[in-house]
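What follows is each chain in one-letter form.
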Amino acid sequence: MASLVFGEVKLSLFLTIFLCLHALTFCQGKKNWEKKYPFIKKASTFSPSPPASSSSSSKSSGRDKAYDYIIVGGGTAGCPLATTLSQNFSVLLLERGGVPFGNINTSYLQNFHISLADTSPKSASQFFISTDGVINSRARVLGGATSINAGFYTRASSRDVRKAGWDPKLVNESFPWIENQIVHPPNMAPWQKAVRDSLLDIGVSPYNGFTYDHKYGTKVGGTIFDQSGRRHTAAELLASANPDKLEVLIRATVQKIVFDTTGKKPRAVGAIFKDENGNQHEAHIARRRGSEIIVSSGAIGSPQLLLLSGIGPKSDLKKLNISVVLDNEFVGKGMADNPLNCVFIPTNTPVVQSLIQTVGITKMGVYIEASSGFGQSQDSIHCNHGIVSAEIGQLSTIPPKQRTQEAIQAYTKSKKDLPHEAFKGGFILEKVASPISRGQLNLINTDVDNNPAVTFNYFAHPYDLSRCVDGIRMVEKLVTAKHFTNFTGRSDKQTVEKLLNMSVTANVNFIPKHTNDTESVEQFCKDTVVTIWHYHGGCNVGKVVSPEYKVLGVHRLRVIDGSTFSESPGTNPQATVMMLGRYMGVKILRDRLGRSAGI
């Protein structure tokens, strides 16, 4: 008994020392990042206190400051864009979230699922549910989705580059600029090796080895997690900025873009934002030719901000009493998300944690990927794990129109948990590339903090559904391949049907399930669809913006991010979105300064 007590004391002492050291490390990390990024400040520091004559006002104006560029959104595109433009011009970068530095949830691979589960008001991840009933997340942190995603890094295909009309030479200069700073080869997990070998077994060939390039066959891609599992985000690209010309404000939520409407075309002149205390500020761009406001708020945030600023369908804006700056019926339209279906594969023993490392790229427009080892602790099993989720409650008994937020919360609290042992295993992910199905985004109200209503219309087009069926058939072959069954130790003939049934009952979304889910692959696809956060559209080129990403019908306003894409590039868009930020930054500087840009 004495030895047991002594053992508990030793354990308690060890845990105390460990936690203290961990806290000390992160406090030191905070000091380090503040030294490294002295231009990152809280939004409330933007301007001095109002003069005495207006001391009662909570609104300040930055009219004594004027920037060459104001970038709204310090995310995947915004950070490399701001860094590049700051080499020659003054830049104000406004980010609604905090920093990823020193945040345990966003900094480490093993906490990937926890960062998604944290839905508190100041978390890095903003929870939302599409009207389709699919659970999703929006990044709310400097670095954007690179701070909360699964980390996989792979370039756009040559087809993507041609279709976008990008300069291939500049594209091939911009990708390495990203890669040399934050991208790493993966530390290959056993699960990923088993999937890689099994993909080759079933004919997803050739084997292309480790490469950033998008090639048909099986490959291993890059990752923004280093060998120790620490995440490196787009926010770290800011270290290459000119600190004398860049200001980054965090917790700065832009509410609307301000326009001068006295000319033939509306002209963007500034942005109104609120700080972490709720006080309003107004920042302005310089009157110099070439100065612009650039929206880089992502596929949800960018169309939402245009609508809130008066650019969008006239009838929709008037319903919410938003003054119409420009009538454009296409803002918020053309929304798409790559549908994902997961099959959970249990193993007899726990497996090493891994996110996306291996991918099978097929000519049928289906990608096969994998993850493993998440949710094995009793503390995290109750969380929303995103693509590695196997326990989220679903409202199958409540009609869609009656699914209030209160009903969702009540159901989630009362749901039954899967046994802890169910998480000894991993997931095979099947994703449909370039879906034809399209949806839309609409404002619910004028509060920028609230999510708009987003519909993706998964599998509305029969071709998308047929490709999902093809993908699930591939997964069935993969999990019965020799390399895979040797790894999992499961080879009975009933395995595939049991696995599909387990995935159906995992409750990964709010879509009602059907009794024939395991008999009809089409129904399985519809009922178990989830997201892999590759949503895009809402500000499409040719409809909302020009090929130069200038908003059609107004002056001095661009949108540069994934909302302009008609397809999600590569097998994961983050590399291309970061590249686009760098690419457009260089292009803008060269167009404006010529050779004197020096870049």
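Residues numbered from 1 in each chain as written. Predicted model: local features only at pLDDT ≥ 70, side-chain atom pairs only at ≥ 80, totals over all residues. Heavy atoms only, no water.

**Concerning the state of the cysteines**
A complete count under the given rule lists 1 disulfide for this structure. Put simply, Cys468 and Cys525 are joined by a disulfide, and their sulfur atoms are 2.1 Å apart. Taking the sign of the torsion about the S-S bond as the criterion, the disulfide between Cys468 and Cys525, at about -95°, is left-handed. Placement of Cys468 in helix α11 (residues 462-479) and of Cys525 in helix α14 (residues 521-527) is noted, with a sequence separation of 57 residues between them. In terms of burial, Cys468 and Cys525 fall into one category: buried. (Disulfide = S-S within 2.5 Å. Helix = DSSP H or I, 4+ residues; strand = E, 2+ residues; numbered from the N terminus. Buried < 20%, exposed > 50% of the residue type's maximum accessible area, 1.4 Å probe, protein only.)

**Some words on the sheet that holds strand β3 (residues 69-72)**
Read from one edge of the open sheet, 6 strands run β1-β11-β4-β3-β15-β25, paired in parallel fashion. Strands with a single pairing partner mark the edges of an open sheet, and in this sheet they are β1 (40-42) and β25 (557-559). Taken pair by pair, the neighbouring strands of this sheet meet at an average axis angle of 20°, ignoring direction. Running over the sheet, helix α2 (residues 78-85) touches β3, β4 (91-94), β11 (246-250) and β15 (292-295) and is turned about 170° from β3. (Pairing = 2+ DSSP bridges. Axes fitted to C-alpha atoms, helices over the stretch in contact; angles between N-to-C directions. Contact = heavy atoms within 4.5 Å.)

**Structural notes on the environment of Gly439**
With respect to the helices and strands, Gly439 occurs in strand β23 (residues 439-442). For Gly439, a relative accessible area of 6% corresponds to the buried category. Taking the C-alpha atoms as reference points, Gly439 and Ala336, separated by 103 residues in sequence, lie 6.1 Å from one another. Apart from the residues lying within four places of it in its own chain, the contact partners of Gly439 are Gly332, Lys333, Gly334, Met335, Thr455, Phe456 and Asn457.

**Here we look at the pairing of β15**
Of the two faces of β15, the one holding Glu292 and Ile294 and the one holding Ile293 and Val295 are both buried throughout. Note that β3 and β15 share 4 bridges and pair parallel. The residue of β15 that forms the bridge with Ile71 is Ile294. Sheet topology note: the β15/β25 ladder contains 3 bridges and is parallel. From the neighbouring strand, Ile293 faces β25, where its bridge partner is Leu557.

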